[in-house]
Amino acid sequence: MNDMTPSLAAPMLHARGISKFFPGTIALDDVELVLHAGEVHALLGENGAGKSTLIKCLTGAYRRDGGVIILDGAEVAPESTAASQKLGIGTVYQEVNLLPNLTVAENLFLGRQPMRGPFLARRKMNAEARDVLASYGLDIDPAEPLSAYSVAIQQVVAIARAVEMSGKVLILDEPTASLDRDEVALLFGVIRQLTARGLAVVFVTHFLDQVFEISDRATILRNGRIVDSCIIRDVTQRDVVTMMLGRQLESRVERKTVAPAGKALVEFKGLTKRGMIEPFDLTVHEGEVVGLAGLLGSGRSETCNLIFGVVAADEGETHLRGQPVSINRPRDAVAQRFALCPEDRKVDGIVGDLSVRDNIIIALQARQGWMKPIPRAKVQEIAERYVRALDIRLASLDMPIRLLSGGNQQKALLARWLATNPDFLILDEPTRGIDVGAHAEIIALIDQLRADGMALLVASSELEELVAYSTRVIVLRDRKQVGELNGDEITPDNIVRAIADEKEDA
Amino acid sequence: MIRATHLPLLVTLGTFVLAYALCGYAYPAMLSTRVIANLLTDNAFIGIAAVGMTFVILSGGIDLSIGSIIAFTGVFLAVILRDTSLHPLVAFAIVLALTTCFGAAMGATIHYLEMPPFIVTLAGMFLARGAAYVLSTESVPITHEFYDTLQGLYWKVDGARFRLIGGVMVLTFIAGILIAHRTRFGQNVYALGGGEQAAKLMGVPVAQTTIGIYALSGGLAGLSGIVFSLYTSAGYSLATVGVELDAIAAVVIGGTLLTGGYGFVAGTFFGILIMGLIQTYIVFDGTLSSWWTKIVIGGLLFAFILLQKGLMWATQAKAGQAKRKKATGFAAHS
């Protein structure tokens, strides 16, 4: 590491006023990023904050709609990842983007192999690869196929390739997501060595411990805007979490006093899936909304998926009204009158080309069995009822659901599960990517369902929202339950504190 | 050094040695040089086409048009040599250029229109077969001194005649091996087969490579057609139906993964020899119906597919174990 004061040296890369618009949204709004040679710069923010959009603008994968990028004193406008690579900006992704069927050396040198006449100089290539890898502290046989090595080594090979080809700026997009502690240490050793060589490294991750371990500075994004750019030494984890999650809406939130919950409906004991979520106990009562809070990757969605049987649990018991039940796949859960609205509705939820009506009816029909079709008139009636009840705005029930706006798609998904009349409703990020008006409606709906006696489990990254509808909040960190807040304890501040887990506040 | 990726090749080699030993045990005469010479001659045209098919399959694609291209080439040569006074060498050059361009056009369609190779080359198959019919629906004999000269060329060893076309096949295989394993183009073919998205991100010229692969396959099918016309002294639009499937079988028996990325051109050579050997055995036996060839090849194909699946499961299970270990290690962390 170094102690360079950022303002003294000219930056290696200075991106200014970067803006990017997608139809209907502003993905990046006047964003600035200053990278100095020899620093590790963390880029932080929750999902949808604009981190990947910013990276894609820098690497030329997206064309930016505004702003200037100055690299090493000269303005650049890369039009493709290959072009930005030539300019000196290399990127390594979470999913290793190398070719597992080629050898390590072939991967390192693909496209710029040493040649002898018309043929590859294989021996020379392997020798050079060995030298390059040795400089990263790896003593491996470069003639072995890449797939023979662990993800961490593949990651270092990817970094070596990016550095060899580019050599000014290295962007690491969640490089540690699938690594264990020793492997992270190996990777950090490599990163320190590269900064000592004068590279500027951008580090994108959700693991705050790692940010504080390796980074010199951090830029925090939220909703496509810069929240702050700070020197890591001068801030605490809690400051960073607060900046990432934001809480300017606090004043707007009204907490209703709620009636005490009914009797216990479902009870989970020691439910766990190795590598996904640590064992947890959880009881949800009738007429109760349990909120799941935590940063991305803390195990929110994992908890929902495990409970619903999307992934089968390794261990643990599920009790429904005191009776043990076994839930190993979503069909089992549906049979017990569970329902799950998944986080990524485009991938896991809607069937884009089917009509809104079919999308609403599909879960109910599936539970009835395909041999017993629901009469057409009944289908129409159910669909119309929920469209009216949830105020789904559409031209016709026959239109393909993909043509609806995000908020209306989400409401149609909710309608799908409400039509099955569930006892236990799990909502994973119910307000992701929808506009403010629809947001409020969904919150009101959750409240209504609770008042009607349904048991709900809601995972969300939006603290204000959790505060608004939860009767209880479970806080997750690093795939573990680390806290529970009840009644008046539920405030954005307390949730942030529990997530950041600052011992002095405990 | 033995690596996991070499295993299918070794199994193919082992199968060939075993099959040949069995044949030699049953009919010692099959061990003669003459049988080997005939094996090369009789399988020359399909071997040449299979080299092109190996490149296509290595890249993760498929080419269904080669049987039709071979037939078209034969008819084209026969008609041109009958109706014009062009020298056969000139005709060869024309037909090679035609078939290479045809292949390149299919490659371009596959890449730029993002169409599956199966459909595009299926269209190519009908087009080429149709073109052959348009030229002539009947078998057209080829009579030309130059053809006689070429057909008369051989290299005599122990009374066995190694003919020109067998030599052309061996040279094609050598060239194929060099291109696949020793050139940037070859590396790019493997890269495409390993994953098009990653290859693109790593800067592989995907368009150029795809077009090149199908051009090579088309051109080699043209060369195969020339060899086939030397072999049969005729051009017939109904000939070589289904040869593309034999070529695919040879490639798979040769240890190349149908999903692309893994395999060797040399494996295809032994795949061809194994298939030829089965045919020869049935000829020697005399009592078996020639359809037994198909049955044995079918069984072999199935065995090789199972072998590949087994290998894949084995490596995935290993990777899965490593991953689980990692995941738990991670959960314990921080």
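If you're wondering where the values come from, they're calculated on a predicted model, not measured in any experiment.

J.: Help me out: how do you make sense of the overall build of chain B in this one?
T.: Helix and strand content of chain B: 14 helices and four strands. The C-alpha atoms of chain B give 21 Å as radius of gyration, which agrees with the globular expectation for 334 residues (20 Å, within 12%). Counting only C-alpha atoms and orienting by the principal axes, one finds that chain B spans roughly 85 × 50 × 35 Å. A sequence separation of at least 24 residues applies to 79% of the contacts in chain B between residues at least 6 apart. Carbon together with sulfur atoms contributes 70% to the accessible area of chain B, which is approximately 15100 Å² in total.

J.: Can you help me understand the side chain of Thr91(A) in this one?
T.: On the secondary structure map, Thr91(A) appears in strand β6 (residues 89–92). Contact partners of Thr91(A), with chain neighbours within four places excluded, come to Thr59(A), Ala162(A) and Ile171(A).

J.: What should I look at first to understand the packing of helix α8 (residues 164–182) of chain B against helix α13 (residues 265–285) of chain B in this one?
T.: The geometry of a pair of packed helices is captured by two quantities: the angle between their axes and the separation between those axes. Residue and element names in this part refer to chain B. Contact geometry for α8 and α13: axes closest at 8 Å, N-to-C directions at 150 degrees. Compared by their axis directions, α8 and α13 come out roughly antiparallel. Contacts between α8 and α13 pair Met-169, Phe-173, Gly-176, Ile-177, Ala-180 and His-181 from the former with Val-265, Ala-266, Thr-268, Phe-269 and Ile-272 from the latter. For the contact of α8 with α13, the class distribution of residues is eight nonpolar, three polar and no charged.

J.: It is not clear to me how the pairing of strand β18 (residues 338–341) of chain A should be interpreted in this structure. Could you clarify?
T.: Every regular strand shows the same layout, with side chains that alternate between the two sheet faces. Residues and elements named next belong to chain A. Of the two faces of β18, the one carrying Phe-338 and Leu-340 and the one carrying Ala-339 and Cys-341 are both buried. The sheet contact formed by β18 and strand β19 (residues 424–428) spans four bridges and is parallel. The partner of Ala-339 across the bridge, within β19, is Leu-425.

J.: Hey, could you run me through a nonpolar patch on the surface in this one?
T.: Residues and elements named next belong to chain B. Residues Tyr-112, Leu-113, Met-115, Phe-118 and Ile-119 make up a contiguous nonpolar surface patch of about 540 Å² in total accessible area. On the secondary structure map, Phe-118 appears in helix α6 (residues 117–135). Its relative accessible area of 48% is what places Phe-118 among the partly exposed residues.

J.: Looking at this structure, I do not really get the nonpolar core. What am I missing?
T.: When a protein is soluble and globular, its nonpolar side chains tend to lie buried together. Ranked by size, the top nonpolar core spans 130 residues in total, and within it Tyr136(A), Ile159(A) and Leu170(A) carry the most contacts. For this core, the element with the most residues is helix α3 (residues 44–58) of chain B, which contributes 12 residues. Setting aside its immediate chain neighbours within four residues, Ile159(A) contacts Val92(A), Tyr136(A), Leu170(A), Leu172(A), Leu187(A), Val190(A) and Leu194(A). Membership of the second largest hydrophobic core comes to 97 residues, among which are Leu265(A), Ile392(A), Leu425(A) and Ala500(A).

J.: Just to check I follow, could you spell out the packing of aromatic side chains for this structure?
T.: Aromatic ring pairs are defined here through the distance separating the ring centres and the angle between the ring planes. All names here are of chain B. Using the criterion set out here, one finds 16 aromatic pairs over all chains in the structure. For the ring pair Phe-45 and Phe-228, a centre distance of 4.6 Å and an interplane angle of 55 degrees mean the geometry is tilted. Placement of the pair is Phe-45 in helix α3 and Phe-228 in helix α11 (residues 206–232), with a sequence separation of 183 residues. For Phe-45, a relative accessible area of 12% puts it in the buried group. Take Phe-228: its relative accessible area is 13%, and that puts it in the buried class. The interplanar angle of 70 degrees and the centroid separation of 5.0 Å between the aromatic rings of Phe-173 and Phe-269 together place this pair among those described as edge-to-face.

J.: Please explain the pattern of salt bridges as it appears in this structure.
T.: Oppositely charged side chains may form a pair once their charged atoms are brought near each other. Residues and elements named next belong to chain A. Counting across every chain of the model gives 19 salt bridges over all chains. Arg-63 is the salt-bridge partner of Glu-79, the closest N and O atoms lying 3.9 Å from each other. Taken together, the residues span a long stretch of sequence, with Glu-79 in the loop between β5 (74–76) and α2 (81–87) and Arg-63 in the loop between α1 (51–59) and β4 (66–71) at a distance of 16 residues. In this pair, the class of Glu-79 matches that of Arg-63, namely exposed. Between Glu-484 and Arg-472 there is a salt bridge; the shortest N-O distance is 3.0 Å. Within this pair, whereas Glu-484 is found in strand β22 (residues 480–486), its partner Arg-472 is found in strand β21 (residues 472–477), the two being separated by 12 residues in sequence. Here Glu-484 falls in the partly exposed class, since its relative accessible area comes to 40%.

J.: When you look at the sheet that holds strand β10 (residues 200–204) of chain A in this model, what are you seeing that I'm missing?
T.: Either a parallel or an antiparallel arrangement is found when strands of a sheet pair, and the pairing is made through backbone hydrogen bonds. All names here are of chain A. The strand order across the open sheet formed by six strands is β6-β9-β10-β3-β11-β12, and the pairing between neighbours is mixed. Here the strands that pair on one side only, and so sit at the sheet edges, are β6 and β12 (225–231). If you compare each strand with its neighbour and ignore which way they point, the axes differ by 20 degrees on average. As judged from the six bridges shared by strand β11 (residues 217–222) and β12, these two strands associate in the antiparallel manner.

J.: Teacher, can you tell me more about the domain arrangement of chain A here?
T.: Interface extent is often summarised as the accessible area lost during association of the parts. Per the domain assignment, the segments making up chain A are domain 1 (13–245), domain 2 (255–337 + 422–506) and domain 3 (348–419). The distance between the C-alpha centroids of domain 1 of chain A and domain 3 of chain A comes to 43 Å.

J.: Please explain the interface of chain A and chain B as it appears in this structure.
T.: Taken together, the contacts link 42 residues of chain A with 31 residues of chain B. Summed over both partners, the interface of chain A with chain B comes to about 3100 Å²; 57% of that surface belongs to carbon and sulfur atoms. Scanning the region where chain A abuts chain B turns up zero salt bridges. Counting the contacts that link chain A with chain B gives seven residue pairs in polar contact (both at pLDDT 80 or more).

J.: Honestly, the sheet that holds strand β13 (residues 264–273) of chain A in this entry has me stumped. Any pointers?
T.: All names here are of chain A. Here we have four strands laid out as an open sheet, ordered β14-β13-β16-β17, and antiparallel in their pairing. One side of each edge strand has no neighbouring strand; the edge strands of this open sheet are β14 (277–285) and β17 (323–325). Averaged over neighbouring strand pairs, the angle between their axes works out to 20 degrees when direction is ignored. Relative to β17, strand β16 (residues 315–320) is paired through three bridges, and the arrangement is antiparallel. Opposite His-319, over in β17, you have Pro-324 as the bridge partner. Packing of helix α9 (residues 300–308) onto the sheet brings it into contact with β13 and β14, and relative to β14 it is tilted by some 70 degrees.

Calculation notes
Residues numbered from 1 in each chain as written. Chains lettered and ligands numbered in written order. Predicted model: local features only at pLDDT ≥ 70, side-chain atom pairs only at ≥ 80, totals over all residues. Heavy atoms only, no water. Helix = DSSP H or I, 4+ residues; strand = E, 2+ residues; numbered from the N terminus. Rg over C-alpha atoms; globule rule 2.2 N^0.38 Å. Contact = heavy atoms within 4.5 Å. Areas by Shrake-Rupley, 256 points an atom, 1.4 Å probe, with all protein chains shown as cover. Axes fitted to C-alpha atoms, helices over the stretch in contact; angles between N-to-C directions. Parallel < 35°, antiparallel > 145°, perpendicular 65-115°, else oblique. Nonpolar A, V, L, I, M, F, W, Y, C, P; charged D, E, K, R; others polar. Buried < 20%, exposed > 50% of the residue type's maximum accessible area, 1.4 Å probe, protein only. Pairing = 2+ DSSP bridges. Patch = residues over 30% accessible without salt bridge, like charges linked within 9 Å, V, L, I, M, F, W, Y side chains within 5 Å. Salt bridge = Lys/Arg side-chain N within 4 Å of Asp/Glu carboxyl O. Core = buried A, V, L, I, M, F, W, Y, C linked by side-chain atoms within 4.5 Å. Phe/Tyr/Trp six-rings, centres within 6.5 Å; stacked < 30°, edge-to-face > 60°. Domains from an automatic or database assignment. Buried area = accessible area lost by both parts, 1.4 Å probe. Polar contact = N/O pair within 3.5 Å; in protein donor to acceptor, adjacent residues only side chain to side chain.

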